[in-house]
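# Observations on the model geometry
Here is what each chain is made of, one letter per residue.
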Amino acid sequence: YLNSAFLMQILTRVVSIKEKLTYEKYCKQLRAISNKLAALQEIQEKKKKRHEALNSINSPLFVVFTLINQKSFVDTLINTECFLYRMIDLRFARKHNLLRINISFRFLKSFGSFSNEAITEIAVVKINISGYTENRAYLYVVLKLSGHDMIFGLL
């Protein structure tokens, strides 16, 4: 009886199924509705997470000066949400004689594809970013960073 009372617009927005006559069929119907609602809730949660991820990608980036090995300052792009890599420009690493360690080559993955440049070294440094310190920070050494000497991802 309720089905005929609702307007068509409301029917498209609610779960409506004619009730079953026996208790057993009614219970099966409730389980089916419950499963459909759970699936709908899962879809809504995935959409919410996707929306939050897109918002975090658009989080503001900022630039600070980082003290390296207690003697050199480096212009550092900080990303607090989505960028996990820590990288330093090869020219800066050479100029400031940073400890560099050879590693088996790897490619950085970004936006679903790999970079053309093979990473073959990491730099090991002590950092101080406005009071945030790490005694042994590991950074990929890359040929050239555009606009900054270091990119530092924080979560």
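Read on for an overview of the structure.

Definitions and limits used
Residues numbered from 1 in each chain as written. Predicted model: local features only at pLDDT ≥ 70, side-chain atom pairs only at ≥ 80, totals over all residues. Heavy atoms only, no water. Helix = DSSP H or I, 4+ residues; strand = E, 2+ residues; numbered from the N terminus. Buried < 20%, exposed > 50% of the residue type's maximum accessible area, 1.4 Å probe, protein only. Contact = heavy atoms within 4.5 Å. Areas by Shrake-Rupley, 256 points an atom, 1.4 Å probe, with all protein chains shown as cover. Patch = residues over 30% accessible without salt bridge, like charges linked within 9 Å, V, L, I, M, F, W, Y side chains within 5 Å. Salt bridge = Lys/Arg side-chain N within 4 Å of Asp/Glu carboxyl O. Core = buried A, V, L, I, M, F, W, Y, C linked by side-chain atoms within 4.5 Å. Pairing = 2+ DSSP bridges.

Moving on: the overall build of the protein. Counting its regular elements, the protein contains four helices and seven strands. Sequence-ordered secondary structure for the protein, helices as α and strands as β, is α-α-α-β-β-β-α-β-β-β-β. A buried classification covers 28% of the 155 residues belonging to the protein. Look at the contacts in the protein between residues 6 or more apart in sequence, and 48% of them connect residues 24 or more apart. Carbon and sulfur atoms make up 57% of the accessible area of the protein, which totals about 11700 Å².

A cluster of nonpolar side chains, contributed by Tyr23, Tyr26 and Leu30, occupies part of the molecular surface with about 350 Å² of accessible area. Mapped onto the fold, Leu30 is located in helix α3 (residues 23-57).

Counting 18 residues, the largest nonpolar core has Ile68, Ile88, Leu98, Val125, Ile127, Met150 and Phe152 as its most contacted members. Contributions of two or more residues to this core are made by β1 (62-68), β2 (72-79), α4 (90-95), β5 (113-129), β6 (132-142) and β7 (150-153). Looking at this core, the element that brings in the most residues is β5, giving four residues. Core analysis: the second largest hydrophobic core is formed by nine residues, Leu108, Ile122, Val142 and Leu145 among them.

With that out of the way, let us pick up unusual backbone geometry. Backbone geometry at Asn97 places phi at a positive 50°, although glycine is not the residue there. For Asn97, the location among the structural elements is in the loop between α4 and β4 (99-110). Backbone geometry places Ser130, a non-glycine residue, at a positive phi of 50°.

Turning to the pattern of salt bridges, a few remarks are in order. Between side chains of opposite charge, pairing is possible as soon as their charged atoms come close. Tallied over the entire structure, the rule returns four salt bridges. Lys28 serves as the salt-bridge partner of Glu24, at 3.8 Å between the closest nitrogen and oxygen. With a gap of four residues between them, Glu24 and Lys28 both fall in helix α3, about one helical turn apart. Linking Arg100 and Glu121 is a salt bridge whose minimum nitrogen-to-oxygen distance equals 3.0 Å. Here Arg100 is found in strand β4, whereas its partner Glu121 is found in strand β5, with 21 residues between them in sequence.

Side-chain direction in a regular strand flips from residue to residue, so the side chains alternate between the two faces of the sheet. Residues Arg86 and Ile88 point to one face of strand β3 (residues 86-89) and Met87 and Asp89 to the other, with burial holding for every one of them. Judged from the three bridges that link them, β3 and β7 form a sheet pairing that is antiparallel. Counted as the bridge partner of Arg86 is Phe152 from β7.

Function-wise, these values are silent; they only describe arrangement.
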